[in-house]
Amino acid sequence: MELELIKSKLHESNFRLTQEREVVLTTFMNSGQMLTPAQLHECVKKEYNSVGLTTVYRLIEVLTKLGLATPFLIDGEIYYTFCSDHHHHHFVCLDCHKVKDIYECLEMTHKYDDVGTVNYHRVDLYGHCKNCERKNINVKSLEP
């Protein structure tokens, strides 16, 4: 998703994108993995030392409300990943915390007689990416 479109969505939500917030946003967009707010803050501080943790939390809150960030609860900790605003699902690697967007899905908007009408759905898959699986296989083959 392009930065200008995101800026426009933030502006429409009356959220001012300061220079500090833009640094947080671009770092988050380019991270390629889910991060806790504290982890994102550490990444941002390497480039822009004056950014506070509160700035990170505020931006993540607004992005989540706009559907541009998705929270995941992993081992009792909340991680976030940057998302496009198109309907999709996620594959989350439990080892390296990389997130892959999955755009194919079965539409589940038909009526289920026993529960009611489904208006939308969310499906997230958790496991181990191929890269981490290979690493684990190589480590196990070295063990005596």
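All values derive from a computational prediction rather than experimental measurement.

A. Up close: the pairing of strand β3 (residues 89–93). The buried fraction of β3 is high, at 4 of 5 residues. Note that β3 and strand β4 (residues 99–102) share 4 bridges and pair antiparallel. Pairing of His-90 across the sheet is with Asp-101, part of β4. Relative to strand β7 (residues 124–127), β3 runs parallel, the two being bridged by 4 bridges. The residue of β7 that forms the bridge with His-90 is Asp-124.

B. Region of the structure containing the packing of aromatic side chains. Scanning all chains against the criterion turns up 2 aromatic pairs. A ring pair is formed by Phe-28 and Phe-82, whose centres lie 6.0 Å apart and whose planes are at 85 degrees; its orientation type is edge-to-face. Separated by 54 residues along the polypeptide, Phe-28 in helix α2 (residues 19–30) and Phe-82 in strand β2 (residues 77–82) bring together distant segments of the chain. Across the pair, Phe-82 and Phe-28 agree in class, each one buried.

C. Representation of the side chain of Thr-27 in the model. The residue Thr-27 is located in helix α2 in this model. Filtering out sequence-adjacent residues up to four positions away, Thr-27 remains in contact with Leu-40, Cys-43, Val-44 and Glu-47.

D. View of the sheet that holds β7. Taken together, the 3 strands give an open sheet; going across it, the order is β4-β3-β7, and neighbouring strands pair in mixed fashion. Among the strands making up the open sheet, the edge pair consists of β4 and β7. Along the sheet, successive strands turn relative to each other by an average axial angle of 20 degrees, direction set aside.

E. Geometry of the packing of α2 against helix α4 (residues 53–65). Direction vectors running N to C along α2 and α4 enclose 65 degrees, while the axes themselves pass 10 Å from each other. Where α2 crosses over α4, the two elements pack in a sense that is right-handed. For the pair α2 and α4, the contacting residues are Glu-20, Arg-21, Val-24, Leu-25 and Phe-28 in the first and Thr-55, Val-56, Arg-58, Leu-59 and Leu-63 in the second.

F. Spatial organisation of the environment of Lys-65. Mapped onto the secondary structure, Lys-65 falls in helix α4. When the C-alpha positions of Lys-65 and Ser-13 are compared, they lie 9.8 Å apart, and in sequence the two are 52 residues distant.

G. Representation of unusual backbone geometry in the model. Positive phi outside glycine occurs at Asp-75, with the angle close to 50 degrees. Residue class for Asp-75 comes out exposed when judged on its relative accessible area of 81%. With a phi angle near 65 degrees, His-97 is a residue other than glycine that sits in the positive phi range. In this fold, His-97 is placed in the loop between β3 and β4.

About the cut-offs
- Residues numbered from 1 in each chain as written.
- Predicted model: local features only at pLDDT ≥ 70, side-chain atom pairs only at ≥ 80, totals over all residues.
- Heavy atoms only, no water.
- Buried < 20%, exposed > 50% of the residue type's maximum accessible area, 1.4 Å probe, protein only.
- Helix = DSSP H or I, 4+ residues; strand = E, 2+ residues; numbered from the N terminus.
- Pairing = 2+ DSSP bridges.
- Phe/Tyr/Trp six-rings, centres within 6.5 Å; stacked < 30°, edge-to-face > 60°.
- Contact = heavy atoms within 4.5 Å.
- Axes fitted to C-alpha atoms, helices over the stretch in contact; angles between N-to-C directions.
- Left-handed = near helix turned anticlockwise from the far one by under 90°.

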